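If you want the building blocks of each chain, they are given just below.
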Amino acid sequence: MSLHFIKVRKIWYAISIAVILPGLISLFLHGLNLGIDFKGGNILEVRFDQPVTADQVRKTVDGLHLGDNTIQQSGANDYIVRTRHLTQDESDALLAALNKIHKATMMQNQSIGPSFGRELAMKAVWALLIAIVLKLIYIAFRFEFKQGIAAIIALLHDTLVVLGIFSLFHLQVDSSFVAAILTTIGYSINDTIVIFDRIRENMRARKKGEALEDVVNVSLWQTLARSINTVLMVIFVLAALYFLGGSTIHDFVLALLVGVISGAYSSICNASPLWVDFKLLEKRGKTGTARA
Amino acid sequence: MKWNKILILIGIVIVVAVVGFAAVAPEAGQISGAGKYLPVVKNVILGLDLQGGVHVVLQAHDTPQAKVNQETMNQLKAVIMRRVNGLGVAEPTIQQQGANRLIVDIAGISNPSEAVRTMIKTAFLEFKTQDGKTVLTGADLKDAQEAQEPNSNQVVVNLTFNSDGARKFAQVTAANVGKPIGIYLDGKLLQNPTVQEPIPNGRAQITGYQSLQEAHNIAVLLRSGALPVKVTVEEMRAVGPSLGADSMAASKHAGLVGVIAILIFMLMYYRLPGLVADFALVIYSLVVLLIYVGLHVTMTLPGIAAFLLSMGIAVDANVIIFERLKEELATGKTLRSAIDTGFKRAFVAIFDSNATTMISAIVLYFFGTGPIRGFAVTLGIGIIASMFTAITMTRWLLHLVAACGLGKNLKLYGA
């Protein structure tokens, strides 16, 4: 056993902050690139039967005067056109106009009203909050409240890492992103709990005079192989989905990938060390009052 | 070596292999007679994002004539149902959500925008006299059918009034001979024919359609009646069949590669228990697939991702157990007692960690809609099934392997 996880915890905290800070700044400056799920709008993806340039598509779309729009090539002959929320007639006109460049088949067409989008966004935030509170209650019940708080901080860490990366790289946030965040925190708390479970067990067998830091360190080492192996296997699946799974779920899988890696890190390097800090604070508080 | 145990083991391997083949191999479906039940995967219901289709959320709004309440919502739902059925699609589902919304899902439709347009047309039919008085409405109709006149090849919609309507129509035509009666749909003048003579039989005809299809759509609208309230489209997600097929193929491919990577990793890292875990994972996949079919779970794209992630959870349970097993063996315990203590100690960790993931799945289920809900259901089923296979199956199999005397060499267990 060479590395003492708890003694060097300030380094772990520093790494976490270094990763989160740029994303946090970007979140404040640019916010998130909300998809149509949350702000309303229209996405049309078409496949042409012949190669078509982005310029041709752009000119055609601009000619319809639908306001701000973005054109993105999504496959060899596939294009995604994003616009404001369109009426059915406008949407039909758009497809008809694209069809004039070359024969175009509709791949997907999504349209969300602005108020409906706001509603979905609110629901997403609520889902996240409720999930976190329920997890806190569960951990407080099965372990102890301070461990619950430490685990939740680790979860916020993971959420911020994923949000930050999506903000920095201007990736689109839609309702599947919310599912990704919830899965991420599910995995992260999984990792944390396996470690806490070992700490709980080792605390029971703790010898007199054994430092808390050492017990936690040993527990972390005992669970390390599991932590790494599990995250590796999840990464296998996610990497396969990312590279082979088609463009539709790219961002969703990316969010999961970042979240799962961050979750593994935060479970080892944030949750348990934080709990140690909480415990030490509590001890110092007690001796402080005893002296006074 | 205990031969009876070895025979049981071989028996299990063969049974799983046969079931596995029957469940997923496309060839299994070709076996005559059995094709009705096999393969299982064929019976998994595909979501709109995988087979193509349209998901629409409609919102009802008050109009000066009618308020949105449960009664108008029921009428609205009935009208929309008739219209969607008129499109001739398979198994549309229409559900009410909240006080003023309808969710319409139509699978495997080639022209979703036409379907949406048909759904939200008010389709308020009026017959107006020259002085602008409405004399008859769509409510007086009994039937509307498209037809092609044999002589002129003209496409028409034939209207039949109900008895009340027929009487009114007879009176109105009698009073307006020589004058025009306008036929309006949603306030738009369709035709303005001049009445030649009183029409007592309660029949009328609208002409001037380009195609039989166009006439058919109008006839469906008229038959199904006017919408009782104003309706807007809040959400529309249409996926073309080709994108659905692309997504399906891509995620199948990706899933296969990911799973094979897991299987190889487990085998290399945990050796004999790894092999057992791999085997348990195959059983796990079969169990989950059967549950999907049994509970009529709709498979969506996020659902496939959740299925793969739940495999991660299932393997994780095994990893926790095997790491424990190694530790117990290192303390000098016998294989049998190491397996038992390993499982016992690992169980608490597995239970607690799965319970918190389950919380995510439940919350997603209640807050999510459509594909996200599919994700939650798949994840939830996966967690429960993984608890079963990882703890019960793997343990039983490990004991069986140990009892066979195959694994006397503790190195095989990674110790």
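You'll find chain B entered in an unreviewed UniProt entry as Protein translocase subunit SecD, with Desulfotomaculum copahuensis given as the organism. Comment text from UniProt for chain B, heading Sequence similarities (unreviewed entry), reads "Belongs to the SecD/SecF family. SecD subfamily."

In the nomenclature of an unreviewed UniProt entry, chain A is known as Protein-export membrane protein SecF of Desulfotomaculum copahuensis. Among the UniProt annotations of chain A, the heading Subunit (unreviewed entry) holds the following wording: "Forms a complex with SecD. Part of the essential Sec protein translocation apparatus which comprises SecA, SecYEG and auxiliary proteins SecDF. Other proteins may also be involved." On record in UniProt, under Subcellular location (unreviewed entry), the comment for chain A is "Cell membrane".

Summing up its helical and strand segments, chain A has nine helices and six strands in all. Here chain A has a C-alpha radius of gyration of 24 Å; the compact-globule value for 292 residues is 19 Å, and the former is much larger. Burial status across chain A gives 52% buried among its 292 residues. Expressed as a percentage of contacts within chain A between residues at least 6 apart in sequence, the contacts between residues at least 24 apart total 79%. Working note: accessible area of chain A is about 13100 Å², and carbon and sulfur atoms make up 66% of it. Across chain A, 28 positive and 23 negative side-chain charges occur, with their mean positions spaced 13 Å apart.

Another aspect to go through is a nonpolar patch on the surface. On the surface, L256, I260, I264, L267, M268 and L275 of chain B cluster together into a nonpolar patch covering about 610 Å² of accessible area. With respect to the element layout, L256 of chain B can be found in helix α7 (residues 241-294).

All told, the structure shown has 26 salt bridges over all chains when counted by the stated rule. The salt bridge partner of E201 of chain A is R324 of chain B, with a shortest N-O separation of 2.4 Å. Here E201 of chain A, found in helix α7 (residues 175-204), pairs with R324 of chain B, found in helix α8 (residues 301-330), and the two come from separate chains. Under the relative-accessibility criterion, R324 of chain B is labelled buried at 4%. Taking the shortest distance from any N to any O, the salt bridge between R395 of chain B and D340 of chain B comes out at 3.1 Å.

Residue and element names in this part refer to chain A. Once the domains are mapped, chain A shows domain 1 (9-34 + 116-291) and domain 2 (41-112). Domain 1 and domain 2 are separated by 40 Å when their C-alpha centres are compared. With four residues of domain 1 at the contact, the number on the domain 2 side is four residues. Of the roughly 270 Å² buried between domain 1 and domain 2 on both sides combined, carbon and sulfur atoms contribute 55%. Interface area lost by domain 1 to domain 2 is led by F116, Q172 and S247, which between them contribute 73%. Linking domain 1 with domain 2 are zero salt bridges. Taken together, the residues of the side of domain 1 that touches domain 2 break down into one nonpolar, three polar and no charged.

When pLDDT is averaged along chain B, the result is 82; 91% of the residues meet or exceed 70. The complex model carries a pTM of 0.79, and its ipTM stands at 0.82.

Glancing now at the sheet that holds strand β8 (residues 155-161) of chain B. Residues and elements named next belong to chain B. The sheet built from three strands is open, its strands ordered β7-β8-β11 with antiparallel pairing. Two strands in the sheet have a free side with no partner beyond their single neighbour: β7 (141-148) and β11 (203-209). Each adjacent strand pair in this sheet contributes to an overall mean axis angle of 20°, direction not counted. In the packing of helix α5 (residues 163-175) onto the sheet, the strands contacted are β8 and β11, and the crossing angle to β8 comes to about 105°. Contacting β7, β8 and β11, helix α6 (residues 212-224) runs over the sheet at an angle of about 175° to β7.

As a further point, take the environment of G259 of chain A. Tracing the chain through its elements places G259 of chain A in helix α9 (residues 250-291). When the C-alpha atoms of G259 of chain A and H102 of chain A are compared, they prove to be 41 Å apart, with 157 residues separating the residues in sequence.

In this section: the domain arrangement of chain B. Taken domain by domain, chain B consists of domain 1 (2-45 + 241-413) and domain 2 (53-239). The C-alpha-based centres of domain 1 of chain B and domain 2 of chain B are spaced at 53 Å.

This paragraph deals with the packing of aromatic side chains. A complete count under the given rule lists 18 aromatic pairs over all chains for this structure. One aromatic cluster is present, built from ring pairs that chain together F236 of chain A together with F265, Y269, Y270 and F322 of chain B. Between the NZ or CZ atom of K128 of chain B and the centre of the ring of Y184 of chain B, over which it lies, the distance is 4.7 Å.

Further remarks concern the interface of chain A and chain B. Between chain A and chain B, the residue contacts involve 65 residues of the former and 62 residues of the latter. For the pair chain A and chain B, the summed buried area comes to about 5500 Å², and 64% of that belongs to carbon and sulfur atoms. By the criterion of area lost to chain B, the three top residues of chain A are Q88, F116 and M233 of chain A, representing 11% of everything that side buries. Counting across the interface, chain A meets chain B through ten salt bridges. For the salt bridge of D37 of chain A with R237 of chain B, the shortest nitrogen-to-oxygen distance reads 2.8 Å. There are 21 residue pairs in polar contact (both at pLDDT 80 or more) connecting chain A and chain B. Here the residues of the side of chain A that touches chain B sort into 32 nonpolar, 19 polar and 14 charged.

Residues and elements named next belong to chain B. Running from N to C, helix α3 (residues 70-86) and α6 point in directions that differ by 155°, and their axes come no closer than 9 Å. By the angle between their directions, the pair α3 and α6 is classed as roughly antiparallel. Where α3 crosses over α6, the handedness of that crossing is right-handed. Residues V79, R82, R83 and G86 of α3 form the contact with α6, whose own contacting residues are H216, V220, L221, R223 and S224. Classifying every residue of the contact of α3 with α6 by side-chain character gives three nonpolar, three polar and three charged.

Cut-off values and rules
Residues numbered from 1 in each chain as written. Chains lettered and ligands numbered in written order. Predicted model: local features only at pLDDT ≥ 70, side-chain atom pairs only at ≥ 80, totals over all residues. Heavy atoms only, no water. UniProt positions renumbered as here; feature names shortened; annotations may be inferred. Helix = DSSP H or I, 4+ residues; strand = E, 2+ residues; numbered from the N terminus. Rg over C-alpha atoms; globule rule 2.2 N^0.38 Å. Buried < 20%, exposed > 50% of the residue type's maximum accessible area, 1.4 Å probe, protein only. Contact = heavy atoms within 4.5 Å. Areas by Shrake-Rupley, 256 points an atom, 1.4 Å probe, with all protein chains shown as cover. Lys, Arg positive; Asp, Glu negative; His and termini not counted. Charge placed at Lys NZ, Arg CZ, Asp CG, Glu CD. Patch = residues over 30% accessible without salt bridge, like charges linked within 9 Å, V, L, I, M, F, W, Y side chains within 5 Å. Salt bridge = Lys/Arg side-chain N within 4 Å of Asp/Glu carboxyl O. Domains from an automatic or database assignment. Buried area = accessible area lost by both parts, 1.4 Å probe. Nonpolar A, V, L, I, M, F, W, Y, C, P; charged D, E, K, R; others polar. pLDDT = per-residue confidence, 0-100. Pairing = 2+ DSSP bridges. Axes fitted to C-alpha atoms, helices over the stretch in contact; angles between N-to-C directions. Phe/Tyr/Trp six-rings, centres within 6.5 Å; stacked < 30°, edge-to-face > 60°. Lys NZ or Arg CZ within 6 Å of the ring centre and 35° of its normal. Polar contact = N/O pair within 3.5 Å; in protein donor to acceptor, adjacent residues only side chain to side chain. Parallel < 35°, antiparallel > 145°, perpendicular 65-115°, else oblique. Left-handed = near helix turned anticlockwise from the far one by under 90°.

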